[in-house]
Amino acid sequence: MCTRLGFLASIFVTFVCVGCAINPISGEEELMLFGPEDDIKIGRQYAPKVEEELGGKIANDELQRYIDRVGQRVASVSHRPDWEYHFTALKHKSVNALAVPGGYVFITKGLLEKLTTEAQLAGILGHEVTHVVARDSAAALSRQYGMDLLLWAVQTSGVSADAVKAATLTRQIIGLRYSRKDEEEADITGLDYMVQAGYTPEGMVETMKILQDLQTVRPIEFFSTHPLPQNRMAYLRQRIQIRYSDLKDVKIGREEYQQSVLKHLSKDKKDD
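These remarks concern the structure in this document. All figures in this text were calculated on a predicted structure; none of them were measured in a lab. (Residues numbered from 1 in each chain as written. Predicted model: local features only at pLDDT ≥ 70, side-chain atom pairs only at ≥ 80, totals over all residues. Heavy atoms only, no water.)

### Things to note about the nonpolar core
Put simply, the rule is: Note on terminology: a nonpolar core comprises buried Ala, Val, Leu, Ile, Met, Phe, Trp, Tyr and Cys residues joined through side-chain atoms within 4.5 Å. A simple rule labels every residue: compare its accessible area, found with a 1.4 Å probe on the protein chains alone, to the largest value its type can have, and call it buried under 20%, exposed over 50%, or partly exposed in between. For this analysis, residues touch if any pair of their heavy atoms sits within 4.5 Å.
One finds Ile67, Ile107, Leu112, Leu121 and Val261 to be the most contacted residues of the largest nonpolar core, which totals 53 residues. Apart from residues lying up to four places away in sequence, valine 261 is in contact with Leu63, Tyr66, Ile67, Leu112 and Glu256. Residues Tyr46, Leu54, Leu98 and Ile173 belong to the second largest nonpolar core, which totals 12 residues.

### Describing the pairing of strand β3 (residues 86-90)
Stated formally: Helical segments are the DSSP runs of H or I of at least four residues, strand segments are the runs of E of at least two, and each set is numbered from the N terminus. DSSP-based pairing: two strands are paired if at least 2 bridges between them are found.
Within β3, 4 of the 5 residues are buried, leaving the element largely enclosed by the surrounding structure. In the sheet, β3 pairs with strand β5 (residues 104-108) via 5 bridges, with the strands oriented parallel. Paired with phenylalanine 87 across the bridge in β5 is valine 105.

### Regarding the packing of aromatic side chains
Under the convention used in this document: Aromatic rings from Phe, Tyr and Trp, taking only the six-membered ring of Trp, are treated as a pair when their centres fall within 6.5 Å; an angle between ring planes under 30 degrees marks them as stacked, one over 60 as edge-to-face, and anything in between as tilted. Any Lys NZ or Arg CZ found within 6 Å of a ring centre and within 35 degrees of that ring's normal is scored as a charge over the ring.
One pass over the full model with this rule turns up 2 aromatic pairs. Summarising the aromatic geometry, the rings of tyrosine 85 and phenylalanine 87 are spaced 6.3 Å apart at their centres and angled 15 degrees between planes, so their arrangement reads as stacked. Here tyrosine 85 falls in the buried class, since its relative accessible area comes to 5%. Directly above the ring of tyrosine 46 sits lysine 49, whose terminal nitrogen or CZ lies 6.0 Å from the centroid.

See below:
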């Protein structure tokens, strides 16, 4: 009983200390029981576990530097350019990308193989950076799996945690589903970020079309945690028409993507 009361007291203390925060994207006040520093604690502990669960890093330094460079370019124009971001390409053959609390963004080999330009990559990374900036991951974890689990993750950061519970939380992070409102915000804000970073906004729409075509062949992992693309393409095109119809000198990056990503992935296939 005392242990339970102590646990509830710690939740109350956290609530009092943090309380409400302003979402820098929507400008709305939101209930946040944890501060950004707690996101970082969770990320430091669970990003390596997510990485391991999805096959580990692609063993190519040039490819990893390229993914990180594009991601950092997009993150530098976000609402939180001062935060630390980590962008990593993973070996997993699934078609997916995800954000972990604390600034960790992952994209799988399966998805990288389907893209054809740097602008398309920037669209994916811009979407995930928005989830980081809005702190959607921590909010979704607490909403879907309860405050007890999230508080446990914060309290056990940096210590030897229960292996079964840690593995469960890792899988839950990978399978995290955001609200439709969160996803629309991530699409539109991610589009804005990539344009501010100098990329053509068509890259985002092209990515949605690629994913939609893949979904017609077989269900892909991306849509197990993201809404289907039909309505998303409509509001993205509307955004482009209203705000970005006269853009000039924007980056597509087809050759750069071919040389920095597809060439290496093709070589790895031959070497397997």
